[in-house]
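Below, each chain spelled out in residue letters.
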Amino acid sequence: MLLIILSWIYIMFTSINLGFGFDKIAGLKNKNFVITSILGLFSVTILASIWAIFGRINVEFYFFIFIINCFVFIKYRALILSIYKTFFNELKQLGKFLKLFLITSFFLIIAQCASIPYVIDNESYYIQTIKWLNEYGFVKGLVNLHLFLGQQSGWHITQSAFNFSFLFKNLNDLSGFCLLLGNIFAIQKLNDYYESRNKTYLIVGLLPLANIYFFQFISAPSPDIAVYIFSFIISFYFLENYKKTTIETFNLLVILILFLLYIKNTTLTFVLIPILLLFRNFKFISKKLIFSIVFSILILLLFFTKNIIISGSLIFPSKLPPLFALDYTISDTVETLYYKQLKNYYGYFLSDEQFNAMSTFDLFIRWLSLPKLNGLFNKISIFLIVICPLLIYKFLNKKALWMLYTVMTIQLCILFATSPQYRFFMNFVLFFSLFCLACFINRRKIITLFLLISLIPMLIIVFIPINLNRFSNNNFMLEMSTFSFNNSIYPYKNTKFNTPYEKIKTGNLIFNSPVENDFFGEVEMAIYHV
């Protein structure tokens, strides 16, 4: 725990410095501490991505960031210190319960981050992807070792820039830091709701009620956490600024959405948000779009460059017709097989023969009636599609919320056509579930009771082992990790497995492969050495 806290202090210091610098360049005039930190995380991600084109993200990169940190802090010390002063003053203005809740959440998040990683994707490709970045940067044709390595999420690039791999190998907790930022943002908005009675503030302020769901992700660098937190923040700014958007707010939303897309391209529907704002506020911002256009092009080029190096394609994964093919581009056969697995097996748990024999309606019924968590969240998704128009009309009949509801519906339709897994839709499920809740609870005492009750399952998850057999079909996800006081100083290692490896040589490639292959994704994605 202690080492995680120290690493988060460094991340906070770096993200605030670089976020302040980003704000100065973009002219955003942002005053929010959390947004400044997120801007700094994006800045580091961009710099690390450019660096990874030419070499490893290792001690050399940290020295480079240290120089930038020193330069920015020395040059703008008074202004940066005022950001911290304002932030701490805002925390002091919180009510006693909100302060206590935030402090308790902080320690529970830290404890969960120090425990055994739970997310199975951490074992299949998170730690391997980050290791490749730390040792080599972007590697040409890396996707051919295993398809999952071709995903190379922007969040893993960010993690590789903050894990101090050359000093200590067990820091893997950026998602926990992101959840903490989300909780701070939410609690501040909830405190503002008590003064303004603005429903949008309440919806976002209830975000900590979802911590019970988030906790399964934060002991590993899951991109999903960043997607969920950033989605809430983007939705908040969209709802609050739809009628009248300044160019600063528009640029901020463009930046946040670009970061979201760079982390996970399944969030593509969020591109509709700045388009809607542009149409609604065309005469105010149409002549000031130069920054958003130029910055979007730069990020798109960086995204394409990353994908071309790693996978030989502009977009990975994608079934779009390729504009070109390199000698290491994955074959259509492999890509088709990958998409069939995503859609047929992971979406519906069907074989190809079963999938092809079913009609669209049959597939929908199959998807809706899946057992355990899959079926539960699928049913909730459809319930929200049906019930939200009624609640929007009755409780918060704002055009912006109707627009956001439309974006949610489009996202669900796209998932049906590609890979209908609830985790690709959970950001909308969470937001509109909390919207539904906000329609019926608005008194401070009731909200306080809900927040207090939400701490109980968090405490249970952190300290009591829970068997998930009733909720999950995945044999590798049947028991939640718990905190051990042995990890009070040093966090648990980055993997839950103690797998023996053997060296295998294929041509000029030498790699480590598990002796026993109990988990498919673990085999080819052990730490490779070329």
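Reference entry: report on the structure contained in this document. Please read all numbers here as calculations on a predicted model, not as lab measurements. Positions within a chain are numbered from 1, following the residues in the order the chain's sequence is written. Only residues with pLDDT of 70 or above have their local features reported here, since the model is predicted, and side-chain atom pairs are shown and tallied only from 80 upward, although totals for entire chains, interfaces and linings are computed over all residues. To obtain the side-chain values, all non-hydrogen atoms of the structure were included, while hydrogens and water were left out.

## Observations concerning the packing of helix α12 (residues 247-263) against helix α15 (residues 290-311)
Alright, step 1. Axis definition: a line fit to C-alpha positions, over the contact stretch in the case of helices; interaxial angles, taken between N-to-C directions, run 0 to 180 degrees. A run of H or I in DSSP counts as a helix once it spans at least four residues, and a run of E counts as a strand once it spans at least two, with each numbered from the N terminus. For the pair α12 and α15, interaxial distance at closest approach is 10 Å and the crossing angle is 5 degrees. As summarised for this structure, α12 and α15 are arranged roughly parallel, according to the angle between their axes. Each of F250, N251, V254, I255, L258 and Y262 in α12 lies in contact with α15, whose residues at this interface are F291, S292, F295, S296, I299, L302, F303 and K306. Relative orientations are named as follows: roughly parallel for angles under 35 degrees, roughly antiparallel for angles over 145 degrees, roughly perpendicular for angles from 65 to 115 degrees, and oblique for any other angle. What makes two residues a contact is simply this: any of their non-hydrogen atoms within 4.5 Å.

## Regarding the side chain of T267
Alright, step 1. Position of T267 among the secondary structure elements: in the loop between α12 and α13 (272-280).
Alright, step 2. Taking the relative accessible area as the measure of exposure, T267 reaches 4% and is therefore buried.
Alright, step 3. In protein, a polar contact means a hydrogen-donor-capable atom and an acceptor-capable atom, both N or O and within 3.5 Å, with residues adjacent in sequence counting only if both atoms are side-chain atoms; elsewhere, any N or O pair within 3.5 Å suffices. Here the side chain of T267 touches K264 through a polar contact of 2.7 Å, landing on its backbone oxygen.
Alright, step 4. Excluding its chain neighbours within four sequence positions, the residues that come into contact with T267 are V227, L260 and L261. Partly exposed residues are those whose accessible area sits between 20% and 50% of the maximum for their type, while under 20% is buried and over 50% is exposed, using a 1.4 Å probe and protein chains only.

## Remarks on the state of the cysteines
What makes a disulfide is a covalent bond joining the sulfur atoms belonging to two cysteines.
Alright, step 1. By convention in this document, the label disulfide applies to cysteine sulfur atom pairs within 2.5 Å. Tallying each qualifying case throughout the model produces zero disulfides.
Alright, step 2. Lacking any disulfide linkage, C388 is separated from the closest cysteine sulfur, that of C436, by 4.0 Å.

## Some details on the packing of aromatic side chains
Alright, step 1. Ring pairs shown here join Phe, Tyr and Trp side chains whose ring centres sit within 6.5 Å, with only the six-membered ring taken for Trp; geometry is labelled stacked below 30 degrees between planes, edge-to-face above 60, and tilted in between. Enumeration according to the criterion identifies 56 aromatic pairs in this entry.
Alright, step 2. Ring centres of W155 and F259 lie 6.4 Å apart, and the angle between their planes is 45 degrees; on these two criteria the pair is classed as tilted. Placement of W155 in helix α7 (residues 154-160) and of F259 in helix α12 is noted, with a sequence separation of 104 residues between them.
Alright, step 3. Residue W155 is classed as buried on the basis of its relative accessible area, which comes to 0%.
Alright, step 4. Charge-over-ring placement is defined geometrically: NZ (Lys) or CZ (Arg) within 6 Å of the ring centre, and within 35 degrees of the ring normal. Between the NZ or CZ atom of K306 and the centre of the ring of Y262, over which it lies, the distance is 5.7 Å.
Alright, step 5. In this arrangement the basic side chain of R444 is found over the ring face of Y194, its NZ or CZ atom lying 4.0 Å from the centre.

## Here's the deal with empty space enclosed by the protein
Alright, step 1. Computed over the protein atoms alone on a 1 Å grid, cavities are sets of points where a 1.4 Å probe fits but cannot get out and pockets are open sets with protein on both sides within 12 Å along at least five of seven lines; a residue lines them when it has an atom within 4 Å of a point. Grid points are joined across faces, edges and corners, and a volume is the space filled by probe spheres set on the points. Within the structure shown, the criterion is met by three cavities of 30 Å³ or more.
Alright, step 2. If one sorts the elements of the lining of the largest cavity by residue count, helix α11 (residues 223-241) sits on top with three residues.
Alright, step 3. Ten residues, namely Ala, Val, Leu, Ile, Met, Phe, Trp, Tyr, Cys and Pro, are considered nonpolar, four, namely Asp, Glu, Lys and Arg, are considered charged, and the remaining ones, Gly among them, are considered polar. Each residue belonging to the lining of the largest cavity can be placed in one class, and the counts come to three nonpolar, four polar and three charged.
Alright, step 4. Each pocket or cavity is described by its volume, and for the second largest cavity that value is around 40 Å³.

## Regarding helix α6 (residues 120-136)
Alright, step 1. Compared with the 24 Å implied by 1.5 Å per residue over 17 residues, the 24 Å span of α6 between its first and last C-alpha is a close match.
Alright, step 2. Judged by how many residues are buried, α6 sits mostly within the fold: 14 of 17 residues are covered. Here the expected length of a helix is defined as 1.5 Å per residue gap, with one fewer gap than residues.

## Section: the side chain of N30
Alright, step 1. Position of N30 among the secondary structure elements: in the loop between α1 (2-26) and α2 (33-54).
Alright, step 2. With a relative accessible area of 15%, N30 lands in the buried category.
Alright, step 3. In terms of polar contacts, N30 uses its side chain to reach the side chain of T36, at 2.8 Å.
Alright, step 4. Ignoring any residue separated from it by four or fewer positions in sequence, one finds N30 in contact with D23, I35 and T36.

## Examining the pairing of strand β2 (residues 509-514)
Alright, step 1. Most of β2 sits out of view: five of its six residues are buried.
Alright, step 2. Relative to β2, strand β1 (residues 501-506) runs antiparallel, the two being bridged by six bridges. Across the sheet, residue K505 finds its bridge partner in β2, namely I510. Criterion used throughout: strands pair if DSSP finds at least two bridges between them.

## Description of a nonpolar patch on the surface
Alright, step 1. On the surface, a cluster of nonpolar side chains totalling about 760 Å² of accessible area is made up of L449, I453, I456, L459, I460, F463, I464 and F485.
Alright, step 2. Counting through the fold element by element, L459 comes out in helix α22 (residues 444-463). To count toward a patch, a residue needs a relative accessible area over 30% and no salt bridge; like charges are then connected within 9 Å, while nonpolar side chains (Val, Leu, Ile, Met, Phe, Trp, Tyr) are connected within 5 Å. Reported accessibility uses the Shrake-Rupley method at a 1.4 Å probe radius. Residues are deemed covered only where the shown protein chains occlude them. For salt bridges, the criterion is a side-chain nitrogen of Lys or Arg within 4 Å of an Asp or Glu carboxyl oxygen.

## Some thoughts on the packing of α11 against helix α21 (residues 426-438)
Alright, step 1. For the pair α11 and α21, interaxial distance at closest approach is 9 Å and the crossing angle is 55 degrees. In terms of orientation, α11 lies oblique with respect to α21. Crossing hand, α11 versus α21: right-handed. Packed against α11, whose contacting residues are V227, Y228, S231, F232, S235 and L239, the element α21 presents M426, N427, L430, F431 and L434 at the interface.
Alright, step 2. Its residues assigned to classes, the contact of α11 with α21 comprises eight nonpolar, three polar and no charged. Handedness of a crossing follows from how the near helix is turned relative to the far one, being left-handed for an anticlockwise turn of less than a right angle and right-handed for a clockwise one.

## Digging into the pattern of salt bridges
Alright, step 1. A full pass over the atoms with the stated rule returns four salt bridges.
Alright, step 2. When the shortest N-O distance is used, the salt bridge between R56 and E60 registers 2.8 Å.
Alright, step 3. For R56, a relative accessible area of 31% corresponds to the partly exposed category.
Alright, step 4. The partly exposed category is assigned to E60, whose relative accessible area is 34%.
Alright, step 5. One salt bridge connects K264 with D224, and the closest N-O pair in it is separated by 2.4 Å. Taken as a pair, K264 in the loop between α12 and α13 and D224 in helix α11 lie far apart in primary sequence, 40 residues in all. Comparing K264 with D224, the two get one shared label, buried.

## Some details on the nonpolar core
Alright, step 1. Joining through side-chain atoms within 4.5 Å is the link that ties buried Ala, Val, Leu, Ile, Met, Phe, Trp, Tyr and Cys residues into a set, and such a set is a nonpolar core. Within the largest apolar cluster, 173 residues are counted, with the highest numbers of intra-cluster contacts made by F214, F230, F432 and F435.
Alright, step 2. Broken down by element, the residue count for this core peaks at 14 residues, all from α12.
Alright, step 3. For F432, the residues in contact, after removing those within four places along its chain, are L384, C388, I392, L401, L404, Y405 and M408.

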